[in-house]
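Structural overview for review
Below, each chain spelled out in residue letters.
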Amino acid sequence: MQNILYKIWFVFPEKDLGGVPTLIINLALKFNESQQSIYLIISKDSYLLKKLNLIGASFNYIYFEDLNYKNVRKSVSSNDVLVVFNWYLELKYFQYVNPRILFWNVFPDTFLRANIIPNIIRRYYDSKILVNKLFNILIKANGIVFMDGAPFFTNKYGLPLDNISYLPIPVVNCENVYLKKINLDEKGNLPLRITYIGRGVDWKIFPFIKVLEDLNLYQDDFSKVALYVITENPDKYDQYVHKYVQNNNINIQYISEINEDNLHLFLLNSSDINISMGTSALESAKLGIPTILMDASYNKISDKYLYKWLFETHQYCLGTILNDDNIAHGFNLVVELKRLQSNVEKITEISDLCYNYVVKNHDINIITLDLHRYADKTTLRYNNIRNRMFIYTRMGIFIIRIVRFFKALRLKLAI
């Protein structure tokens, strides 16, 4: 599958659980199936490192903290491909080896962050020119692929939409076992069991607050809800609930310690509908569980917000950042839940549509082949972009180092 003349290195130094670590873990297992090792530039004590060791994956790595010119020259060749998910200052250590780069844009604005300029300059200078120059360089060199179309939904920079390549999130597909596991005819008047999966970060908690508000409107004497929140930080969710949801009548049960296998079993046995974004939405849909796709928000969500089923999304988007332009496209949650009450035929249809969406668009077998194809094609090299991106200029490096110094100092003083 992989060209033996080069190695693919995944550069991901973040330490926490999230969608990208899950993505890399799935790819590592797929690589291993084909008798290939996966190559990583990874942080010490990261969730990704611990999980890969736990599952016995075969992988080679360089610690991100140990990156220097010598280590890079010893391990990386000029024909190797760095798959990067963000622009890091430490990429400067690759300038002499000058490997090829494939930027996998998994969050709407990540490929723009190399052009981050100080606010004092931004007041007088519009970065649109910089953004377009960078975008054109990446596209012409086949050096960028997009997880979804979210960066183009508003397209405030007027980016050209020709020749866009997509590489959606890969997942290991499962058989649609939901309807085989649960006999909907026997549910009767039992509570509707709804799950919400999300880390304890504000842009996932604010969407949950909106879900909780709407479920309070849905629940009455005839419609009971059992709500399960699967998260590593239930205390933070609870804080937001107490702050933002007045007179909550929904009993929330938090599930905080659960691995992937147990997650699937829990969803099969305890979820009639899952509401999530990103990889979490795929984890339920690949089981055939009806899955509502939620968007992200850094603020409390408007009452006008409308929902959609996973299969109703466009350009592989598994949730976007909400603004006033994209809150009112879909269905009202209360109306939709009442429409589905006791409608076994409709629930079966939605289950199949969610499952088939994952099989068609996110099958890891297809995504892995596409990844290798894009890695073969990229001609983008680090030195093609080094002098065109603010974070790699002398001023950019200086500002980043100053910011890091004060962050470390503040953390030290806090201790």
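Worth saying up front: this structure is predicted, and the values here are computed from it rather than measured.

1. Notes on the overall build of the chain
Across its full length, the chain carries 15 helices and twelve strands. Taking all 415 residues of the chain together, 54% fall into the buried category. The long-range fraction of contacts in the chain, counting pairs at least 24 apart against all pairs at least 6 apart in sequence, stands at 69%. Accessible surface computed for the chain: about 20,200 Å², of which carbon and sulfur atoms make up 51%.

2. Describing the pattern of salt bridges
Applying the stated criterion across every chain, the model contains twelve salt bridges. In this structure, the salt-bridge partner of Lys 286 is Glu 283, at a minimum N-O distance of 3.3 Å. Taken as a pair, Lys 286 and Glu 283 share a single burial class, namely buried.

3. What to know about the environment of Asp 220
Along the chain, Asp 220 turns up in the loop between helix H7 (202-218) and strand S8 (225-230). Residue classification places Asp 220 among the partly exposed residues on the basis of a relative accessible area of 30%. Through-space distance from the C-alpha of Asp 220 to that of Asn 249 is 9.5 Å; in sequence the pair is 29 residues apart.

4. Section: the packing of aromatic side chains
Describing an aromatic ring pair means giving the distance of the ring centres and the angle of the ring planes. Applying the stated criterion across every chain yields a total of 25 aromatic pairs. Measuring from centroid to centroid gives 5.4 Å for Phe 208 and Tyr 237, while their planes differ by 70°, and the two rings are edge-to-face. Here Tyr 237 lies in helix H8 (residues 234-244) and Phe 208 lies in helix H7, a separation of 29 residues in the sequence. With respect to class, Phe 208 is no different from Tyr 237; both count as buried. Where Tyr 307 meets Phe 331, the ring centres are 6.4 Å apart and the plane angle is 20°; that geometry is what we call stacked. Of the two residues, Tyr 307 is situated in the loop between strand S11 (291-293) and strand S12 (308-309) and Phe 331 in the loop between S12 and helix H11 (333-340); the sequence distance between them amounts to 24 residues.

5. As for the sheet that holds strand S6 (residues 144-146)
Taken in spatial order, the six strands make up an open sheet running S3-S2-S1-S4-S5-S6, and their pairing is parallel. Each of the sheet's edge strands pairs with one partner strand only, and the pair in question is strand S3 (59-63) and S6. Strand-to-strand twist in this sheet, taken as the mean axis angle between neighbours without regard to direction, amounts to 25°. Pairing of strand S4 (residues 81-84) with strand S5 (residues 100-105) involves four bridges; the strand directions are parallel.

6. Notes on the packing of H11 against helix H12 (residues 344-362)
The contact between H11 and H12 brings their axes to 8 Å, and the two run at 115°. Here H11 contributes Glu 336, Arg 339 and Leu 340 to the contact with H12, which in turn contributes Lys 346, Ile 347 and Ile 350. By residue class, the composition of the contact of H11 with H12 is three nonpolar, no polar and three charged.

7. Here we look at helix H13 (residues 364-377)
Look at H13: 20 Å from first C-alpha to last across 14 residues, which is about the 20 Å you get at 1.5 Å a residue. On its buried face, H13 sits against strand S1 (8-12), helix H1 (19-33), S4, S5, S6 and H12. Where H13 starts, the residue carrying a side-chain oxygen 3.0 Å from the main-chain nitrogen of Asn 365 turns out to be Asp 363.

8. Quick look at the pairing of S1
Counting buried positions over the five residues of S1 gives five, a clear majority of the element. Two elements, S1 and S4, share four bridges in a ladder whose sense is parallel. In the sheet register, Phe 10 faces S4, and the bridge partner there is Val 83.

Thresholds applied
Residues numbered from 1 in each chain as written. Predicted model: local features only at pLDDT ≥ 70, side-chain atom pairs only at ≥ 80, totals over all residues. Heavy atoms only, no water. Helix = DSSP H or I, 4+ residues; strand = E, 2+ residues; numbered from the N terminus. Buried < 20%, exposed > 50% of the residue type's maximum accessible area, 1.4 Å probe, protein only. Contact = heavy atoms within 4.5 Å. Areas by Shrake-Rupley, 256 points an atom, 1.4 Å probe, with all protein chains shown as cover. Salt bridge = Lys/Arg side-chain N within 4 Å of Asp/Glu carboxyl O. Phe/Tyr/Trp six-rings, centres within 6.5 Å; stacked < 30°, edge-to-face > 60°. Pairing = 2+ DSSP bridges. Axes fitted to C-alpha atoms, helices over the stretch in contact; angles between N-to-C directions. Nonpolar A, V, L, I, M, F, W, Y, C, P; charged D, E, K, R; others polar. Expected span 1.5 Å × (residues − 1). Polar contact = N/O pair within 3.5 Å; in protein donor to acceptor, adjacent residues only side chain to side chain.

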